[in-house]
Protein chains: 2
Amino acid sequence: MKRWTADQYIEGVLAGDRQSVSRAITLAESTLATDQAIARTVIQALSVAVHNRHSEGQEPGLPSQTHPKGLRVGLTGVPGVGKSTFIEVLGLQLAQAGQQVAVLAVDPSSQIGKGSLLGDKTRMEELSRSPNVFIRPSPTSGSLGGVTAHTREAILICEAAGFDVILVETVGVGQSEVAVRGLCDVFMLLMLPGAGDELQGMKRGIMEMADLLVITKAEANNKVAARLAQVGYQNALHLFPPPGSGQSVPVLLSSALDPDTIAEVWQAVLHWQTEAIRTGWWDKQRQHQQLQAFRQQLEARILDQFYSEHLAQVAQAEAQIRAGADVSTALGLVLPKSTYLSH
Amino acid sequence: MKRWTADQYIEGVLAGDRQSVSRAITLAESTLATDQAIARTVIQALSVAVHNRHSEGQEPGLPSQTHPKGLRVGLTGVPGVGKSTFIEVLGLQLAQAGQQVAVLAVDPSSQIGKGSLLGDKTRMEELSRSPNVFIRPSPTSGSLGGVTAHTREAILICEAAGFDVILVETVGVGQSEVAVRGLCDVFMLLMLPGAGDELQGMKRGIMEMADLLVITKAEANNKVAARLAQVGYQNALHLFPPPGSGQSVPVLLSSALDPDTIAEVWQAVLHWQTEAIRTGWWDKQRQHQQLQAFRQQLEARILDQFYSEHLAQVAQAEAQIRAGADVSTALGLVLPKSTYLSH
């Protein structure tokens, strides 16, 4: 594949070209130094472009009344809850209504196995054939911090390409949810009916981050269990501190066999968005996320710079640890020599 | 309370004095600059002392045959699984056998609620009265990174004070488990029988990190369910990649009503340790953890230093974001001015 210049990436993405979006995301994920230099230029240009587009879109008197493009929807739930099916049905509905939909999957996966919990990507087959839809599987490896940065860039690229809705799917294993929550406008937790552990501790932290709870597979034999679960979760939510948005968290029933239920979930998302814009939460949260992104990128750059300038000392200190030195001694080998760490 | 000098902390801890241990942990958790300066001296001295003690303890020909002091046991499980009861029974058994036992609890807790999932600390009442036992509740707040650093320091302080066993308890919510796993020699996952979700996704990542699985409340009516769960987990473990230790993961049944079952779990831990020392995994893992600690402390120090020197620029960039600037522009305000980030 012929190398592209930064301008080719930028122009392609801004024109909404799918191949450019795909290649730009791959570029941003690349660990090659030459790719990273181009990626930085591309990301910066797209960041400014998206930002200017947002500013222009705001009417002077009514900055909070317009629905901005690029609604970022986080979506999580344990394997088996039916995330792929839910996304497939929802994505097709949005695509048929003329919306441009991007689906990004995040899975830092197990620290050990490195296998993907998301399974093979033959899922969402029908959705992937829709011309209005772009599906991007997970970056397959890397630290949580790295995956977070890559997901943030992928969202930005999709936004620059003009996608109306960006669905960010994450597996419900606890590590990546906090990260994805911090990148999205609205966060949806999918749950199974009748799991019998409505207040189970593992889910509590994730439940507290959710703006909407959706009970899946609420169909046939499951209907009674789903209603019971709905009441159970509604009661459980009263025990939690109210979310920052100030909006109460709806608990909705859904079934892929009844697409109307999924359309209703989407209506609830849009209602949540309208309210969030009205109350000012929308702007407040986006600003908070911008500040977080700033800190994370700043720190990543500082550490990159440090390691590139102190490669030899760090390697030497690590060799000392392998040879039996303690951590404090090893730190002493790196820190005093560094001009900007002397006190 | 009168302020202590670094030497008072160091001497007190090395003498095994409980009050000194408690105060040293509080010092290490303090955010006051004066405390941090003393804490750094204390931690460094204790780190060297523990390290020298380890080196001296090793017989020249048989470095891997001696059981080192300070076995670090990580222990997790969802709320309600019976962690406190398990620790109470195990801790009393160890204390009665003359072992010095420290119990540290880690709970970065919810990002939003900041409440402690560990509940009130009237738990473990009998254990807390044993003279051989030291119990330290969780640091109540802070980022996961901060909690990790504090837990590492608390473990070091307990080790310097001569504790034979350090039990590190963490709530099973997924965020802190990876961190605690990286600080401990052996990691135990407590599970309920008959939860009916043996292969449930949320637990999978944690299950992969466990060296031992312990099914709790295997008593009376639960016995059949517990045996079934045991078989279920044993089968499930075959689906996972083998752990780095090379040892198979035992699935044990326990009941606080039958202390012998908990003594058997401890025998399994000691067996695991003997094997890990024999195969070299013990040294390999500790070295890996030392390297991790080095990197984490190095990066924390570099960032601290950066922020202390660039407070004004960072504040200015953040003000720009609040006023509507994009992240790339804000980064430009901080990075080029910094001498060590110019290219």
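Anything mentioned here points back to the structure above.
Bear in mind that the values here come from a model prediction, so they are computed numbers and not experimental data.

What counts, and at which threshold
Residues numbered from 1 in each chain as written. Chains lettered and ligands numbered in written order. Predicted model: local features only at pLDDT ≥ 70, side-chain atom pairs only at ≥ 80, totals over all residues. Heavy atoms only, no water. Helix = DSSP H or I, 4+ residues; strand = E, 2+ residues; numbered from the N terminus. Buried < 20%, exposed > 50% of the residue type's maximum accessible area, 1.4 Å probe, protein only. Contact = heavy atoms within 4.5 Å. Areas by Shrake-Rupley, 256 points an atom, 1.4 Å probe, with all protein chains shown as cover. Phe/Tyr/Trp six-rings, centres within 6.5 Å; stacked < 30°, edge-to-face > 60°. Lys NZ or Arg CZ within 6 Å of the ring centre and 35° of its normal. Salt bridge = Lys/Arg side-chain N within 4 Å of Asp/Glu carboxyl O. Pairing = 2+ DSSP bridges. Axes fitted to C-alpha atoms, helices over the stretch in contact; angles between N-to-C directions. Arc of directions from axis to C-beta. Polar contact = N/O pair within 3.5 Å; in protein donor to acceptor, adjacent residues only side chain to side chain. Core = buried A, V, L, I, M, F, W, Y, C linked by side-chain atoms within 4.5 Å.

**Considering the overall build of chain A**
Line of reasoning, step 1. The helix and strand inventory of chain A stands at 13 helices and seven strands.
Line of reasoning, step 2. Taken over 343 residues, chain A has a buried fraction of 52%.
Line of reasoning, step 3. Sequence-distant contacts in chain A: of pairs separated by 6 or more residues, those separated by 24 or more amount to 75%.
Line of reasoning, step 4. Split by element, the accessible area of chain A, about 15,100 Å² in all, is 54% carbon and sulfur.

**Side note on the packing of aromatic side chains**
Two aromatic rings are characterised by how far apart their centres lie and by the angle between their planes.
Line of reasoning, step 1. Scanning all chains against the criterion turns up six aromatic pairs over all chains.
Line of reasoning, step 2. Lying across the ring of W4 of chain A, R23 of chain A places its NZ or CZ 4.0 Å from the centre.

**Here's the deal with the pattern of salt bridges**
Should their charged atoms come close, side chains of opposite charge can pair.
Line of reasoning, step 1. Inspection of every chain in the model, using the stated rule, returns 16 salt bridges over all chains.
Line of reasoning, step 2. R295 of chain A serves as the salt-bridge partner of E318 of chain B, at 2.7 Å between the closest nitrogen and oxygen. Remark: R295 of chain A occurs in helix α11 (residues 281-309) and E318 of chain B occurs in helix α12 (residues 311-322); the pair is interchain, linking two chains.
Line of reasoning, step 3. Salt-bridge contacts for R181 of chain B lead to D211 of chain B; the nearest nitrogen and oxygen are separated by 2.9 Å. On the criterion of sequence distance, the pair formed by R181 of chain B in helix α7 (residues 175-181) and D211 of chain B in the loop between α8 (201-207) and β6 (212-215) is long-range, its members being 30 residues apart. The same class applies to R181 of chain B and to D211 of chain B, which are both buried.
Line of reasoning, step 4. Salt bridges sharing partners connect three or more residues here, namely R72, E159, D185 and R286 of chain A.

**Notes on the sheet that holds strand β7 (residues 251-253) of chain A**
Residue and element names in this part refer to chain A.
Line of reasoning, step 1. Strand order across the open sheet formed by seven strands is β3-β2-β4-β1-β5-β6-β7, with parallel pairing between neighbours. The sheet is open, and its two edges are formed by β3 (133-136) and β7, each paired on a single side. On average, adjacent strands in this sheet sit at an angle of 20° to one another, irrespective of strand direction.
Line of reasoning, step 2. Most of the contacts of helix α9 (residues 223-238) go to β7, to which it runs at about 170°, and overall it touches β5 (186-191), β6 (212-215) and β7.

**Let's talk about helix α13 (residues 327-334) of chain B**
All names here are of chain B.
Line of reasoning, step 1. Every buried residue of α13 is listed here: V327, S328, A330, L331 and V334. Buried residues in α13, looked at end-on, bunch into an arc of 160°, giving them a common side.
Line of reasoning, step 2. The N-cap residue of α13 is D326: its side-chain oxygen and the backbone nitrogen of S328 are 3.1 Å apart.

**Brief notes about the environment of E169 of chain A**
Residues and elements named next belong to chain A.
Line of reasoning, step 1. Within the fold, E169 resides in strand β4 (residues 165-171).
Line of reasoning, step 2. Take E169: its relative accessible area is 1%, and that puts it in the buried class.
Line of reasoning, step 3. Between the C-alpha atom of E169 and that of I87, which follows or precedes it by 82 residues, the distance is 8.7 Å.

**Details of the nonpolar core**
Residues and elements named next belong to chain B.
Line of reasoning, step 1. Of all hydrophobic cores here, the largest spans 52 residues; its most connected members are I157, C158, M207 and L213.
Line of reasoning, step 2. If you tally residues by element for this core, the top one is helix α6 (residues 144-160), at seven residues.
Line of reasoning, step 3. If we ignore the near neighbours within four places in the chain, the residues touching I157 are V13, V21, A24, I25, A28, I43 and L46.

**A word on the sheet that holds strand β4 (residues 165-171) of chain B**
Residue and element names in this part refer to chain B.
Line of reasoning, step 1. One open sheet accounts for seven strands, arranged β3-β2-β4-β1-β5-β6-β7; its pairing is parallel. Lying at the two open borders of the sheet, with one neighbouring strand each, are β3 (133-136) and β7 (251-253). This sheet shows a mean twist of 20° between the axes of neighbouring strands, independent of strand direction.
Line of reasoning, step 2. When strand β1 (residues 71-77) meets β4, the two strands line up parallel, connected through seven bridges. Along β4, the bridge assignment pairs L75 with E169.
Line of reasoning, step 3. Contacts between helix α4 (residues 83-96) and the sheet are confined to β1, β2 (101-106), β3, β4, β5 (186-191) and β6, with β4 contributing the most and set at about 175° to the helix.
Line of reasoning, step 4. This element, α6, spans β1, β2, β3 and β4 of the sheet and lies at about 175° to β2.

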